[in-house]
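One letter stands for each residue in the lines below.
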Amino acid sequence: MLLRKAIIGYCSFSDIIFVVDEDFYIKNFNEIIPFKRLLDEVSICYPQFDQEILEKAYNKAVELHGAQLRLSGEPYANHVIKVALLCCEFKLDFTSVVAALLHDILEDTNYNLESLKTEFGLEIASLVEGVTKLSKISLASKEDKQAENLRKLLLAMATDIRVILVKLCDRLHNVMTLQSLPEPKRKRIAEETQEIYAPLANRLGLYRLKALLEDYSLKELKPAEYNDIKQKVDNLAKDLHIFAKEFSLELKNLLEKHGISAQISFRLKHIAGIYQKMVRYNVGFDQIMDILGFRVIVPTVMACYEALGIIHSNYHLVPGRIKDYIAMPKPNMYQSLHTTVITQNGKRVEIQIRTPEMHQIAEQGVAAHWRYKENGNFDFDLSWVRDLVETQKYISNPEEFLQSVKGELFQNEIYVFSPKGDLFCLPRGATPLDFAYAVHTEIGHSTVGARVNKTIVPLNYKLKNGDTVEIITQKGHKPSKDWLKIVVTSKAKNRIKQFIRQERRELAIRAGKELLSKELLKKGLSIKKLERSEDLEKIIKELGLNSEEELYASLYYGTIQPQRVLLKLVPESDPLNNAISPQSDGLLNKIFDSVAKTSQKVGIKVSGYSDVFFRFAKCCQPIQGERIIGYVTKGKGITIHSIRCPEIQHLDPLRFVPVQWDDEFSNDLRLVTIEIDCVNEQGMLSKLCGEITNAGVNIASASAKTFPDLTAKIMFDIEVRNAAEFETVKRNIEKVKGVKRVNRVIYKKPA
């Protein structure tokens, strides 16, 4: 084990702190890890810490989780203790270690948040609450739910990065202990770890954590490939160990000969890293040349460049393999010089050269920056998180949002400069438009051209490392939809889409307002007077809308007809008031003579006629008890509409006739559509169905749509006899907890 730990590094799972004394845990599998073992590790990692609060948190975790067992049979308390040990291993702050011990007590025990705040303080309570919320995330679900969960994750990161760091340690232990879970759940956890958590760890500079997450995911998802690579690495271990020791000594002596003191270590590429490279380049294991890598740690930045020159002077350089991350750090602040050389015996090795401070950041990532400035800001670049949090406000499409997040997590960076020398990190394939939006949204919107290295280039030009980019703008210029085919950054794409949506909405508002204005003029009314009166606000409220803009946009898109607004303003325009009795108009009598006749008594009385065939309009679904009107159609009888139906505003007023319900024959079932706005929670659909059937009403059909804000819109087609029966159903539904609004759909646009 010690040999593997020394040379395999990331490839080995035995370098995790709580597995070091593996024999103890195998022999004492059913025992809770004693406090002393946690205390020993914490004492090493944190020279100054509050032992009292650590012991208090340990005892609380053991007390609350003591009787709980994992599916493997191991005490659940060991899980939270091991997560705390992982927080030590990855050098999180002491508060995170305490929070890790308590991270499951709000979700899995009866302990409440107020008690947590009282016993352990607001900071620890806030971290535990944040991790608890993230623990409910299930990323392997339909896209809208997945997008909502990712939004929560990003908001948690923007609020306190430690929440996601503890969650990553929790996820690592979970993915390490998948064996007892059912296969579908193991696959789901491994997939979401591979897709989200490992890239996130990488983006935060936690490379060792990322490697472990990837290895365990690969072990579950592709066990044959994992075992094959692992076996081949194990077979090479002894020879590589001998070579690594010899080359390390050779390199150390070479640098010291030139007056540079250096610490040299080595490691093998982790299993998932080898597999990814094999897939990317479509090669076999034997063709992966840089399995072995060396780290050279020297005192100063100047010594880094001196060491690079010395190495290149003594070994054959592999062209195109030099990377200077000191001059141009990665977004997660990683810095090193990378080069690949061929040794005297023909082996290809990668060498990373860095200072001790750079090494600390490379090993610990975001955790190495766990320092707070006086203003409370975290000393680490999380601007990409803040950009995504800002971006998600403008994205309603779940798939679009998921692509934005994954684009940020998986991007391969290039570095370009502004004319003033400011450095910008962009994904590979970025264009001048991406650069413009990275500088500022308004600069992006007003871009008309670009110069790269003082030469005019098209907007779809692919930027290269080291380019100097100058953006040419024009006041009043607007982005084009075609730009979406050019840009690659999520920020640029989302800002362009936001602008286009906003412009379309403004157009819809103007057009809808003009449409209503024309209809009002026909009635001698003015849109300006309406906007100044209280009537408009009342109408907006009655229609279930939130603003004038929403009303006008709805009129433009046709979801609300102008006649619905007119009916509320001019009741005398009610066609029922102007309907002509068949006895009083000779023309209408002639029409009646031509309509279909029936002898069936079916619940509708037409003044002066008892044998006229009629049918109910499909657009408004009138039910007994509401005001109705008839419309005479030659050869087809009379169509019965609700007086509130917008469709009747488009019909010939000379063909309206007064009709009424015949109570003696009005017990036929009528189909009615009901629309319910409610929270999206388990069992909601079942509760609603129960309330409808409890009222003695049959459900003909149902449909549901969920939204990212954890709400839902559910539609039922139900069969009722009259308006009173419908009101009973409505009241029953309104009593269900989580229901926000219940409406009858009075108008369906005819097909």
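Placed above this text is the structure.
Just so you know, these numbers come straight off a predicted model, no measurement behind them.

(A) Up close: unusual backbone geometry. Even without being glycine, Asn282 reaches a positive phi, approximately 55°. Since its relative accessible area comes to 71%, Asn282 is described here as exposed. Residues other than glycine seldom take positive phi values, yet Asn453 does so here, at roughly 55°. Along the polypeptide, Asn453 turns up in the loop between strand E9 (447-452) and strand E10 (455-457). Residue classification places Asn453 among the partly exposed positions, given a relative accessible area of 42%.

(B) A look at the sheet that holds strand E14 (residues 628-633). Here four strands make up an open sheet; going across it, the order is E13-E15-E14-E16 and the pairing mixed. Edge positions in the open sheet fall to strand E13 (614-616) and strand E16 (656-657), since each of these has one partner strand only. Sheet topology places E14 next to E16; two bridges connect them, and they run antiparallel. Opposite Gly630, over in E16, you have Val657 as the bridge partner.

(C) Spotlight on the pattern of salt bridges. In total, this model carries 28 salt bridges according to the counting rule given. Salt-bridge contacts for Asp234 lead to Lys230; the nearest nitrogen and oxygen are separated by 3.3 Å. Taken together, the residues Asp234 and Lys230, both in helix H14 (residues 223-257) and four residues apart, mark about one turn of the helix. Among the residues examined, Asp234 registers a relative accessible area of 27% and is labelled partly exposed. If you follow the salt bridges from partner to partner, you end up with Glu675, Asp677, Lys713 and Arg741 in one network.

(D) Structural view of the sheet that holds strand E21 (residues 739-744). Ordered by their spatial adjacency, four strands build an open sheet running E19-E20-E18-E21, and the pairing between neighbours is antiparallel. In the strand order of this sheet, the two ends are held by strand E19 (698-706) and E21, each with one partner. Each neighbouring strand pair of the sheet contributes to a mean axis angle of 20°, computed without reference to strand direction. The pairing of strand E18 (residues 670-679) with E21 spans five bridges and is antiparallel. Counted as the bridge partner of Glu675 is Asn743 from E21. Against the sheet, helix H29 (residues 684-694) contacts E18, E19, strand E20 (711-720) and E21, and its axis sits at roughly 25° relative to E20. Running over the sheet, helix H30 (residues 723-734) touches E18, E20 and E21 and is turned about 165° from E21.

(E) Up close: the packing of aromatic side chains. With the rule as written, the count across this model stands at twelve aromatic pairs. Pairing Phe424 with Phe435 gives two aromatic rings, centres 5.0 Å apart and planes at 70°, and the pair type is edge-to-face. Placement of the pair is Phe424 in strand E8 (residues 423-427) and Phe435 in helix H20 (residues 432-439), with a sequence separation of eleven residues. Judged by its relative accessible area of 19%, Phe424 is buried. One aromatic cluster is present, formed by Phe243, Phe247, Phe266, Phe294 and Tyr315 through successive ring pairs. Above the ring of Phe120, the side-chain terminus of Lys56 is found at 5.2 Å from the ring centroid. Between Lys347 and the ring centre of Phe243, over which it is positioned, the NZ or CZ distance is 5.5 Å.

Calculation criteria
- Residue positions are counted from 1 within each chain, in the order its sequence is given.
- The predicted origin of the model limits local features to residues at a pLDDT of at least 70 and limits the giving and counting of side-chain atom pairs to 80 or more, whereas totals for whole chains, interfaces and linings rest on all residues.
- Based on all heavy atoms of the structure, the side-chain values leave hydrogens and waters out of the count.
- Burial status follows relative accessibility: with a 1.4 Å probe on protein chains alone, a residue under 20% of its type maximum counts as buried, one over 50% as exposed, and anything between as partly exposed.
- Elements are defined by DSSP. Helices are runs of H or I of four residues or more, strands are runs of E of two residues or more, and each kind is numbered from the N terminus.
- Pairing between strands is defined by DSSP: at least two bridges between the two strands are required.
- When a carboxyl oxygen of Asp or Glu is within 4 Å of a side-chain nitrogen of Lys or Arg, the pair counts as a salt bridge.
- Structural elements are reduced to axes, namely lines fitted to C-alpha atoms, with helices fitted over the stretch in contact, and the angle between N-to-C directions of any two is expressed from 0 to 180 degrees.
- Here, residues are in contact when the closest pair of their heavy atoms is within 4.5 Å.
- Only rings of Phe, Tyr and Trp enter the pairing, Trp through its six-membered ring, and a pair is recorded when the two centres are within 6.5 Å. The plane angle decides the type: under 30 degrees is stacked, over 60 is edge-to-face, the rest tilted.
- Definition used: whenever NZ (Lys) or CZ (Arg) falls within 6 Å of the ring centre and also within 35 degrees of the ring normal, the charge is taken to sit over that ring.

Distances and angles like these do not, on their own, reveal function.
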